[in-house]
Protein chains: 4
Amino acid sequence: MGKNIINIALFGLGRIGQMHADNLLNHKNFNLKYIFDKDQKLTKKLSKKYNSIGVQNPKIAFKDKNIKCIFVASSTSTHVKFIKEAAKYKKVIFCEKPLDLNIDKVNKCFKEIKKYKPKIQLGFNRRYDPGHSSIKQELRKGKIGKLEKIIITSRDPAPPSLAYLKVSGGIFKDMMIHDFDLLRFYLEKDDIENIFTTASNISDKKFDKINDYELASCLLKSKKGVQCIITNSRHCSFGYDQRVELFGSKGMLISGNKSENETEIFTKNNTSQKKPLLNFFIDRYVEAYRLQLDELASYTKKNKKPISSFEDGRRALIIANAASASLKQKRQVKIKF
Amino acid sequence: MGKNIINIALFGLGRIGQMHADNLLNHKNFNLKYIFDKDQKLTKKLSKKYNSIGVQNPKIAFKDKNIKCIFVASSTSTHVKFIKEAAKYKKVIFCEKPLDLNIDKVNKCFKEIKKYKPKIQLGFNRRYDPGHSSIKQELRKGKIGKLEKIIITSRDPAPPSLAYLKVSGGIFKDMMIHDFDLLRFYLEKDDIENIFTTASNISDKKFDKINDYELASCLLKSKKGVQCIITNSRHCSFGYDQRVELFGSKGMLISGNKSENETEIFTKNNTSQKKPLLNFFIDRYVEAYRLQLDELASYTKKNKKPISSFEDGRRALIIANAASASLKQKRQVKIKF
Amino acid sequence: MGKNIINIALFGLGRIGQMHADNLLNHKNFNLKYIFDKDQKLTKKLSKKYNSIGVQNPKIAFKDKNIKCIFVASSTSTHVKFIKEAAKYKKVIFCEKPLDLNIDKVNKCFKEIKKYKPKIQLGFNRRYDPGHSSIKQELRKGKIGKLEKIIITSRDPAPPSLAYLKVSGGIFKDMMIHDFDLLRFYLEKDDIENIFTTASNISDKKFDKINDYELASCLLKSKKGVQCIITNSRHCSFGYDQRVELFGSKGMLISGNKSENETEIFTKNNTSQKKPLLNFFIDRYVEAYRLQLDELASYTKKNKKPISSFEDGRRALIIANAASASLKQKRQVKIKF
Amino acid sequence: MGKNIINIALFGLGRIGQMHADNLLNHKNFNLKYIFDKDQKLTKKLSKKYNSIGVQNPKIAFKDKNIKCIFVASSTSTHVKFIKEAAKYKKVIFCEKPLDLNIDKVNKCFKEIKKYKPKIQLGFNRRYDPGHSSIKQELRKGKIGKLEKIIITSRDPAPPSLAYLKVSGGIFKDMMIHDFDLLRFYLEKDDIENIFTTASNISDKKFDKINDYELASCLLKSKKGVQCIITNSRHCSFGYDQRVELFGSKGMLISGNKSENETEIFTKNNTSQKKPLLNFFIDRYVEAYRLQLDELASYTKKNKKPISSFEDGRRALIIANAASASLKQKRQVKIKF
């Protein structure tokens, strides 16, 4: 083990946690020393697979001075707790989105940990996507002049389980929060000023039962007048639809979908038929997840600030709350950060 | 002149009127017998070019029993007047959009002419576009299951003159009215229930002076819950951007932009660079204008109802009014037809 | 009838002749005064439809001093005869491709009519296609540096009737002749130096019986070393496949296929599925045919030389003959113009 | 180190060798135990970087019974020597293309090693590309009916160094050999029957000096009559151009280029401008190289035959020799395997 290797502990071994474990194992800068999950059997099983130490008490990781990073991918309700603890122990923290479903808890956490000058990177994966970040570079270079509109399409191939949906916090805090953050990624020093939301259930009636929505759309405006449109769907027959359009005074930038490969089929009935879209986030954002870890390594070793921060997580949550309020009040809601 | 030729009179010889004159002259079913414009010099000049009779009084056309159709392409404020007169004389009427800027005037007109059972075709050209109507056919065939979202992008290459803008009625009645109507074209028996609007001026400050907007976006919902998004811009550096996206439970349909030709350029700095978009409506909707006249001919000869009616014009205007109200009130406005 | 109208006589009223008749009737510069076909019944029938004079003897057209143009769209074997006669009568001649199937007859014709300084425009429609000619403009502007390769794909949607095939002169003189000419269109002052040909029948065995081919490919080289590839097929399930690729020291230019409209379908099994290609030459090259007539009008009125000449027709035929020779001899054949 | 890990020795540490070393280090099934290069300094340096044993004598690897695989990525002239030795020691062999520049040496080698029943996988990377192999699957499923044409475009972004070119064996054995093999990949039980070749130098005159070519094109025919076209260039301003088109009685399959990301730029002068193509083989065929190693692992552990064999290497070389012969003789050359 070279001196450049960062010892890391991973909390949470669900689907997303296991994906992060794989990425950490394949990343040259990290050594996945500890893993922890409330499911002790799972922790044990995976500790063998990963050749990591499975712990039943996260304290072990916090107290180990060789551990530089804590990677929080556990259930949302535990995020704040782990952040506080990790901050106290001066660890560099990676935390999956959302920070929490309750903004008061987040604000309180922020005040408490301030004194530790905590280093926290948020898991907004889309900021790291080569396509999405490439159009930000072009925007910065002035390729399309002044930014005037941002249009984000985000559709999941299929809804999560009902069990997950019940604790997800709803479409705004669970799904659209990614898009709220992505808007802010492009707006930079500008920020969201107000929001109007609409939502409906047309095909899948299970969402009615849990007071959630399969379809939602938002219209937001920034302080500088940039009009932002987000359109979400919990289902999408043709795959994981992930597009961003930036429109400006001098042009337009599009970050489009990714397909399995670059083939086309022409037959009697079809021309230029392409392969299905990459089906979900693990495949679509595979490079983003790798680049996210590159940044975590730089943050740990060189104190290079990440492009996705605690404050970004807090603000995205505030917008998500405003989205819900707008839906209830049928009016535009002003954002107060 | 065969018995199948329809004698027609054209009122209004501005840019759009002259375009319609050209189309009428090239259409095998029409004989452009009379032309009229309040500018007498222009009428005279064009009467020679078109080999038509230039009249200084529209009455001549109304009273000529050989005239079956009146084509109204004059300034908006004269539409209702000509419709009333033409209805009285039992002519088949083609009227450019919008019917009028004042909904009360339109409603009153409707009541007045009811007794004549008037035949009126509205000039919503986009309904006739082969691409836009092709995706409606696919929707009807069930290709994408239940309709859930309609997303319309409409951007003009450059704003009209300030003189025109001042009398245009504003972006909702002059420009977005096309998109309101296009939504209704896809919704069919469903209809718009409510609307929320946002608007801003970022690059072109002349719009501030006339209380109008260069950029506007709307979020609408239909009675059945279909979410509709319209995004408009009065400028677009890369040409006339005209796209429709229909999203449903089983798929998506896109009607895209048209380019000058199907060539691509690859160089050191560019790959797959395509030709500019067709620059404006006369080129982009050239086939739509032709098909519009085909329908006017069928309406006149076979009494086949047009796909764009007086009532469509009236409802689009009501939505445009609601758009303005929403902008002022910063809330969702309910549509009452 | 204005003084700018050109009186024209059309010889040949088959499929292609009737298409040209329609184009001439719709063109503002031409008056289709006479039509002639060896089928007298057809001539009579169409003379009514077109409101033209149907003649049983072409002499009537030749002797009419008001006739400025002779449009030759009759069967190939009659082209030379009509050209000679029309040249003698000082008419401007438009002749469909190929000039003849026999190069000796063409060469002899050329010598005979030389003294009349004949004005002849050849019917190589592809030279007039906006896409194909757009990439020639980019090439001339130096966009791709020195031209190094030309790759032409040309596939008909379905083979013609066996009756037509028997008298067609075979795939090289009937079909690939268009592509030989298109190569020369891009080579300009350079020209074809040698050719190698291969051909085969795989799916449709009727071609074996008539010593013709459904599939053929050629490799040609210009005097300057430009490598040219042509690939032809008499059938193409997905429509009329018409593509040109120019490759140069600094880039690549592609003139691609044209579809019915710009729509795309996304479903569970298909993404980005486009509409079928425009099905055949009348639709695909509709603009080319119109521009061809524009040029014929300019040639007649302003003596502006056409971009497709008798000599182009002669040279394309020489290359077609060399293609056949190469196929027999299984070797590269040198072209002598 | 688990029991499933395959110990491997890598010979050759040039550009391609180092790429393979990286891939082996990142592959879960391999342990890069030994590395060897004739450059002892380089071997030493890289042995540290890779944490591998750098050997000065390949015998050490051959004699180590724990070594299951020999990976030959050394200079072409040493391939046969290493294959013979590795076969004797019963190692599973991976060998980069081409086997050798001299077909007699290859044939002799084949006879000599026959008795060892050698396991050899050839380094024809394109067979493993997800796009190129996806269209083979569609072809096999009958998606396009009977195969009639194969068209391969292969252009390198820039020529290799003059030093490399001098020992490369020329464009047919060094570059086009990939495409000859790719044709055979699609032809399956059918095979190439004859070939005609053309070549030229237009922009880069250094190729003249070494009797080699920057531009080459081939026309081949299979035993069943499939027409095959290959077009190669040693330079390509817009990147690494790698396309395959399969045309059949019922349709067409295209395996297209890959770009850096899926973004598009629209400005006043450009519409739909895409990112540059992935620049060269290491990026373009990154997945192919990984899948190649997956297969090598399966071959070693489960004796599952690879899709790229010694015989494929031998036949591709025979075609390359025929290509040169055709160029000299200016005629079609028959292939004898």
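Residues numbered from 1 in each chain as written. Chains lettered and ligands numbered in written order. Predicted model: local features only at pLDDT ≥ 70, side-chain atom pairs only at ≥ 80, totals over all residues. Heavy atoms only, no water.

**Observations regarding the overall build of chain A**
From N to C terminus, chain A includes 13 helices and 15 strands. Taking 337 residues into account, the globule formula puts the C-alpha radius of gyration at 20 Å, and chain A, at 20 Å, falls close to it. The principal-axis extent of the C-alpha atoms belonging to chain A is close to 55 × 50 × 50 Å. In chain A, buried positions account for 63% of the 337 residues. For chain A, contacts bridging at least 24 residues in sequence account for 71% of all contacts bridging at least 6. Summed over its atoms, the accessible surface of chain A is roughly 13,900 Å², and 49% of this surface lies on carbon and sulfur atoms. In chain A, 66 side chains carry a positive charge and 35 a negative one; their mean positions are 6 Å apart. (Helix = DSSP H or I, 4+ residues; strand = E, 2+ residues; numbered from the N terminus. Rg over C-alpha atoms; globule rule 2.2 N^0.38 Å. Buried < 20%, exposed > 50% of the residue type's maximum accessible area, 1.4 Å probe, protein only. Contact = heavy atoms within 4.5 Å. Areas by Shrake-Rupley, 256 points an atom, 1.4 Å probe, with all protein chains shown as cover. Lys, Arg positive; Asp, Glu negative; His and termini not counted. Charge placed at Lys NZ, Arg CZ, Asp CG, Glu CD.)

**Here's the deal with the interface of chain A and chain B**
Opposite the 45 residues of chain A that make contact, chain B presents 45 residues. At the boundary of chain A with chain B, total buried surface from both sides reaches about 3,500 Å², with 55% on carbon and sulfur atoms. If you look at where chain A meets chain B, you find four salt bridges. Here A:E245 ties to B:R155 by a salt bridge, and the two come within 2.9 Å at their closest N and O atoms. (Buried area = accessible area lost by both parts, 1.4 Å probe. Salt bridge = Lys/Arg side-chain N within 4 Å of Asp/Glu carboxyl O.)

**Quick look at the relation of the copies chain D and chain B**
Each copy of the sequence occupies a distinct position, and chain D is placed on chain B by a rotation of 180° and an axial shift of 0.0 Å, giving an RMSD of 0.0 Å. Both copies of the chain, as the preceding transformation shows, are related through a two-fold rotation axis. Taking C-alpha positions as the reference, the residue of chain D nearest the rotation axis is D:Q273, at 2.2 Å. Residue by residue, 100% of the interface of chain D is reproduced at the interface of chain B, so both copies engage with the same surface. (Least-squares fit on C-alpha atoms with pLDDT ≥ 70 in both.)

**Description of the relation of the copies chain A and chain B**
Relative to chain B, chain A is turned by 180° and slid 0.0 Å along the rotation axis, the superposed coordinates differing by an RMSD of 0.0 Å. When the interface residues of chain A are mapped onto chain B, 100% of them again lie at the interface, so the same face is used by both copies.

**Concerning the side chain of B:S233**
Looking at where B:S233 falls in the secondary structure, it is placed in strand β10 (residues 227-233). Residues within four places of B:S233 in sequence aside, it is in contact with A:F247, B:S154, B:R155, B:D156, B:M175, B:E214 and B:L215.

**Here's the deal with a positive patch on the surface**
Together, A:K146, A:K189, A:K223, A:K224 and B:K205 line one region of the surface with positive charge. In this structure, B:K205 sits in the loop between β8 (192-200) and α10 (206-209). Among the residues examined, B:K205 registers a relative accessible area of 46% and is labelled partly exposed. (Patch = residues over 30% accessible without salt bridge, like charges linked within 9 Å, V, L, I, M, F, W, Y side chains within 5 Å.)

**Let's talk about helix α12 (residues 310-329) of chain C**
The end-to-end C-alpha separation of α12(C) is 29 Å, in line with the 28 Å expected for 20 residues at 1.5 Å each. With its phi angle positive at about 55°, C:K330 sits one or two positions after the end of α12(C). (Expected span 1.5 Å × (residues − 1).)

**What about the interface of chain D and chain B?**
Chain D puts 14 residues into the contact, and the matching count from chain B is 14 residues. Roughly 1,200 Å² of surface becomes buried between chain D and chain B when both sides are summed, with 53% attributable to carbon and sulfur atoms. In this assembly, chain D and chain B are joined by zero salt bridges. Residue assignment for the side of chain D that touches chain B shows that the elements contributing at least two residues are β13 (263-267) and β14 (273-274) of chain D. A breakdown of the residues in the side of chain D that touches chain B according to their chemical character gives four nonpolar, seven polar and three charged. (Nonpolar A, V, L, I, M, F, W, Y, C, P; charged D, E, K, R; others polar.)

**A short note on the nonpolar core**
Counting 76 residues, the largest nonpolar core has A:I150, A:F172, A:F180, A:I195, A:L220 and A:L246 as its most contacted members. Apart from residues lying up to four places away in sequence, A:F172 is in contact with A:I177, A:F180, A:T197, A:A216, A:C218, A:A320, A:A323, A:S324 and A:L327. In terms of nonpolar packing, the next biggest core, distinct from the first, is built from 75 residues, C:A9, C:L99, C:I171 and C:L317 among them. (Core = buried A, V, L, I, M, F, W, Y, C linked by side-chain atoms within 4.5 Å.)

**Points about the side chain of D:D181**
Within the fold, D:D181 resides in helix α8 (residues 171-187). Sequence-distant contacts of D:D181, that is, excluding residues within four places in its chain, are made with D:F124, D:R127, D:D312 and D:A316.

**Here's the deal with the sheet that holds strand β1 (residues 6-11) of chain B**
Residue and element names in this part refer to chain B. Strand order in the open sheet formed by six strands is β3-β2-β1-β4-β5-β6, with parallel pairing between adjacent strands. A strand with exactly one partner marks an edge of an open sheet, and here the two such strands are β3 (53-54) and β6 (119-122). With two bridges joining them, strand β2 (residues 30-36) and β3 adopt parallel strand pairing. Of the residues in β3, the one forming a bridge with Y34 is I53. (Pairing = 2+ DSSP bridges.)

**Some words on the confidence of the model for chain A**
Taken over all residues, the pLDDT of chain A has a mean of 95, while the share at 70 or more is 99%. In the model output, the complex is listed with pTM 0.95 alongside ipTM 0.95. (pLDDT = per-residue confidence, 0-100.)

**Some points on the pairing of strand β4 (residues 67-72) of chain D**
Residue and element names in this part refer to chain D. Burial analysis of β4 places five of its six residues in the buried class, which makes it a mostly covered element. Of the strand pairs in this sheet, strand β1 (residues 6-11) and β4 are connected by five bridges, and their pairing is parallel. Paired with A9 across the bridge in β4 is I70. Note that β4 and strand β5 (residues 92-96) share four bridges and pair parallel. When the sheet's bridge partners are listed, C69 is paired in β5 with V92.

**Brief notes about the sheet that holds strand β7 (residues 147-155) of chain D**
With respect to topology, nine strands assemble into an open sheet ordered β14(A)-β13(A)-β12(D)-β11(D)-β7(D)-β10(D)-β9(D)-β8(D)-β15(D), the strand pairing being mixed. The strands lining the two open edges of the sheet, one partner per strand, are β14 (273-274) of chain A together with β15 (333-334) of chain D. Both strand β13 (residues 263-267) of chain A and β14(A) contribute to a ladder of two bridges, which runs antiparallel. Among the inter-strand pairings, A:E264 is bridged to a residue of β14(A), identified as A:K274.

**Concerning the packing of helix α6 (residues 130-140) of chain A against helix α9 (residues 176-187) of chain A**
All names here are of chain A. Here α6 crosses α9 at 30°, and the two axes come no closer than 10 Å. Our classification of the angle between α6 and α9 gives roughly parallel. Packed against α6, whose contacting residues are H132, S133, I135, K136 and L139, the element α9 presents L182, F185 and Y186 at the interface. (Axes fitted to C-alpha atoms, helices over the stretch in contact; angles between N-to-C directions. Parallel < 35°, antiparallel > 145°, perpendicular 65-115°, else oblique.)

**Regarding the environment of A:F207**
The topology assignment puts A:F207 in helix α10 (residues 206-209). Dropping the residues within four chain positions of it, A:F207 is found in contact with A:P159, A:L165, A:N201, A:D212, A:Y213, A:E214 and A:R234.

**A short note on the pairing of β7(D)**
Residues and elements named next belong to chain D. Extensive coverage of β7 is indicated by the burial of nine of its nine residues. Where β7 and strand β11 (residues 241-248) come together, eight bridges link them in antiparallel fashion. Among the inter-strand pairings, S154 is bridged to a residue of β11, identified as Q242. When β7 meets strand β10 (residues 227-233), the two strands line up parallel, connected through seven bridges. Bridge assignment links I150 to a residue of β10, and that residue is C228.

**Considerations on unusual backbone geometry**
Residue A:P98 is bonded to the preceding A:K97 through a cis peptide linkage, with omega at -15°. Its identity is not glycine, yet D:K90 carries a phi of approximately 60°, on the positive side. Relative to the assigned elements, D:K90 resides in the loop between α4 (79-88) and β5. Taking the relative accessible area as the measure of exposure, D:K90 reaches 57% and is therefore exposed.

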